[in-house]
Structure formats: structure tokens, C-alpha cells
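Descriptive analysis of the structure
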Amino acid sequence: MSELREGVWAAPGRVNLIGEHTDYNDGFVMPFALPHTTVATVRRRDDGVLRFQSSDVAGPAVERRIDDLAPARATGSWTDYPAGVVWALREAGHAVGGADFHYESTVPTGAGLSSSAALEVVTALALNDLYELGLERGLMAKLCQRAENAYVGAPTGIMDQTASACCTAGHALYLDTRDLSRRQIPFDLAALGLELLVVDTRVKHSHSEGEYGKRRAGCEAGAAALGVTALRDIAYEDLPTALSRLDDPEIRGLVRHIVTENRRVERVIAHLEADEVRAIGPVLTEGHVSLRDDFRVSCTELDLVVDTALAAGALGARMTGGGFGGSAVVLADASMTPTLTGAILKAFASGGYAEPRVFPATPSAGATRLS
Ligand code: GLA
């Protein structure tokens, strides 16, 4: 029995290939899991106490009683994420009790690579196994999103948690965020001599602070003005008519981004399914321009990565994740990696910016039990 009461689980961070800010507009997204994971060693305990500790955060373990968990009692610390997951599971009627958690992570934090989702999903998966909840992965992701929205207080969509819970190695995950249907799309870049580089600008972003929520509210205002449930309901062909009905230039930009971005996800899938992987490059770059000019969530450093990579011969490049800092992705021939990395580091040094972290991203496995 004791073997059933403890174990080790891992959940990855993600990058998003295409489909940005579409997930809270009932739209399409296409992330894949990174090899970077948050690993949790978890032991069930039956006294209603949660004990959280992390190798990455100095200080003693934090203890909370499960009966005391409530969004109003969130502390603003990293432990709100796992505590929020326990709260969300119990709120949904799942019989979860106490546990000791020890975390260790290789997912960069504040880099737009979903370290929060990895922490939430690894917690949910461990509790699902230890308390034999039998939750389906998509539902687990939904409860993790509930934790982040209601407990942590960040108004994020469903993409990151679904990516961490449901991705599979060698694939990108196509997710329709309206009906939550998913499809694994083969995405084996190495076999084609291609590479997707992640460039972490080291500019920290934070989603609980204003701008993300403002974009979300603006999209909802646009949908309301156009009389639709969500911007997903505006067909690409109807975009000019929709834009002509909107007075506010900011809302027009938000609507244009979401409608064209959903179209870009469809174009990327069509290219991948037709084995035209190189052809996705320009679509990624178009996505960046739209996020920069219409959705206005890029920043100088992200634009510098994209401009430098394209000038140095990349096939395409874009910011990834929520924006306002964080990371960009660059698609290129694998043989170009040293040249591109050198050009990006040089551009940042000349501009007086902190040195970015550049690494190749291999589509990796979603959350799993290790032992
Ligand atoms: C963050 C959020 C996601 C999504 C992206 C933008 O990563 O957590 O839900 O909205 O931004 O695509």
C-alpha cells in the first residue's frame, strides 16, 4: 500500500507554435511541450495538511490546512498555484486530502514558457493518482485553469495547462478552445533538418498585472459590439464587414488579430499536413507582426529577436506566449543555429540589453508519472 501513497511525477513547460491570445476567444491554439519539466515528489498524508517545498525557492516548507484554502486567503507566493489546484479539485467535488510536495523545476520562470502551468499540472496529476480520482487529462487542465483564474487571480485561458497535460513527444497539439477537442499533429523538425530555437529575452512578464486582462476585456467588448458569443465566431471572410462596424481603433486591432490568427492556425495545420513545413515560417512571422501592431503585446526585445533572426536567414520568427517580455521562437535550418544565435547575442549586446538565453526546442512528452 505504501507504494501507492507516494511517487514522482513530471509536467513540462510549453512553447506555442501559433494561435496567440486566441484561447480566451474560443479560438484555436497549437502549442508543444518542452523537454523542461517541473518534477514533484509527492506523499499522501491523512491529516488534512499540505506541505509545500521547492528546491528552487529558499526558505522553509510552507504548511496549509486543506480546510483553510480559499481564494481570499491566497498569499501571493508560489504556493498559491499548488494550493489553488487542491482547492479547485475539492471545489469540483473530488475527495482530495493532505500531501507533502517537493518540487524541482527546469522550466524557466517568468519567461512565457508556462512554468505556472507545469507546477499546477504536476500537482493535479500527482493528486489524481494518489487519491485515485480517475480524471481525464483535459478535465485536469480545466481544473488547473480554474486554480489559476480563481485562486491565483490571473485571467488566463486554457492553452498552457492543456499543453502541459496533453502534449505528446514529436507532436504539436491542435486544440479547439471552444469544444476542447484536441488533435496531435506530427511535428518532427529534426527529420527535416530544421530547428525551432527558443529565445528567452529575460524580460519578465506577469499575467496578473493589468495588460493581459485589458486585452481580454477588449476582445470581449469587441465580441459584444459585433453581437457574437466570442471573436471565434467572426469568419475570416467577414472580417472587413466586422471591422467597418467598429469605431474604436484599439478594438479593431484586437478583432483583426484574433480573426487572422485563427486563420493562421488553420494555414499552419494545412502546411504541416501537406509536408510543407518550411512554408510555416512566413505564417509565424505574420503572426508576430499582428501581435506587435494589432494586439500590441510585443516589446522592443522581442521585436529585436524577430528582426535579427529574419535578417540572418531564419524561415520565420515570432514572440510566443502572453508577451510583454518572455520568449520568442525562431524557425530555421538546423545548420543556421550557430549563425542565428551569434547574430541575436550580438544584437542584444550592441543594444545594451541583458544576454538572452537561446536553446533548441524539441516537441516533448506531456505530464507523466516517473515512479
Ligand atoms: C498566456 C496564457 C494563455 C494564453 C497566452 C497567449 O500564456 O496563460 O492562456 O492566453 O498567454 O496566447
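So, about the pattern of salt bridges. As enumerated under the stated definition, the model contains 27 salt bridges in all. Here Arg44 and Asp46 are joined by a salt bridge, their closest N and O atoms 3.4 Å apart. For Arg44, a relative accessible area of 23% puts it in the partly exposed group. In this structure, the salt-bridge partner of Glu261 is Arg318, at a minimum N-O distance of 3.9 Å. Taken together, the positions of Glu261 in helix H7 (residues 249–273) and Arg318 in strand E10 (residues 316–320) put the pair 57 residues apart, joining distant regions of the chain. In this pair, the class of Glu261 matches that of Arg318, namely buried.

The subject of this paragraph is the nonpolar core. Counting 47 residues, the largest nonpolar core has Val42, Leu69, Leu89, Phe101 and Leu127 as the members making the most contacts within it. Broken down by element, the residue count for this core peaks at 8 residues, all from helix H2 (residues 115–130). Leaving out residues up to four positions away in the same chain, Leu69 has contacts with Leu50, Arg64, Ala83, Val86, Trp87 and Tyr151. Counting residues in hydrophobic clusters, the runner-up holds 35 residues, among them Cys219, Val330, Leu340 and Ile344.

Let us now look at the pairing of strand E8 (residues 182–186). Note that strand E7 (residues 171–176) and E8 share 5 bridges and pair antiparallel. Looking at the pairing, Leu173 lines up with Gln184 of E8. Following E7, the chain reverses through 5 residues before pairing antiparallel with E8; Leu180 in that reversal takes a positive phi of roughly 60°.

Okay, the sheet that holds E10 next. In space, the 4 strands of this open sheet follow the order E10-E11-E9-E12, with antiparallel pairing throughout. The sheet is open, and its two edges are formed by E10 and strand E12 (357–360), each paired on a single side. Strand-to-strand twist in this sheet, taken as the mean axis angle between neighbours without regard to direction, amounts to 25°. As paired elements, strand E9 (residues 194–200) and strand E11 (residues 327–333) share 7 bridges and run antiparallel to each other. Each residue of the ladder has a partner; that of Leu197, found in E11, is Val330.

Bringing the domain arrangement of the protein into the picture now. Looking at the protein, the domain boundaries give domain 1 (6–187 + 365–369) and domain 2 (190–360). Spacing between the C-alpha centres of domain 1 and domain 2 amounts to 24 Å. With 36 residues of domain 1 in contact, the opposing surface of domain 2 contributes 46 residues. In total, domain 1 and domain 2 occlude about 3400 Å² of area from one another, counting both sides; carbon and sulfur atoms represent 63% of this. Linking domain 1 with domain 2 are 4 salt bridges. Note that Glu20 is salt-bridged to Arg318, the shortest N-O span being 2.6 Å. Summed over the shared surface of domain 1 and domain 2, the number is 19 residue pairs in polar contact (both at pLDDT 80 or more). Of all the secondary structure elements, the ones that give two or more residues to the side of domain 1 that touches domain 2 are strand E1 (6–16), strand E3 (31–45), E7 and E8. Classifying every residue of the side of domain 1 that touches domain 2 gives 16 nonpolar, 13 polar and 7 charged.

What counts, and at which threshold
Residues numbered from 1 in each chain as written. Predicted model: local features only at pLDDT ≥ 70, side-chain atom pairs only at ≥ 80, totals over all residues. Heavy atoms only, no water. Salt bridge = Lys/Arg side-chain N within 4 Å of Asp/Glu carboxyl O. Buried < 20%, exposed > 50% of the residue type's maximum accessible area, 1.4 Å probe, protein only. Helix = DSSP H or I, 4+ residues; strand = E, 2+ residues; numbered from the N terminus. Core = buried A, V, L, I, M, F, W, Y, C linked by side-chain atoms within 4.5 Å. Contact = heavy atoms within 4.5 Å. Pairing = 2+ DSSP bridges. Axes fitted to C-alpha atoms, helices over the stretch in contact; angles between N-to-C directions. Domains from an automatic or database assignment. Buried area = accessible area lost by both parts, 1.4 Å probe. Polar contact = N/O pair within 3.5 Å; in protein donor to acceptor, adjacent residues only side chain to side chain. Nonpolar A, V, L, I, M, F, W, Y, C, P; charged D, E, K, R; others polar.

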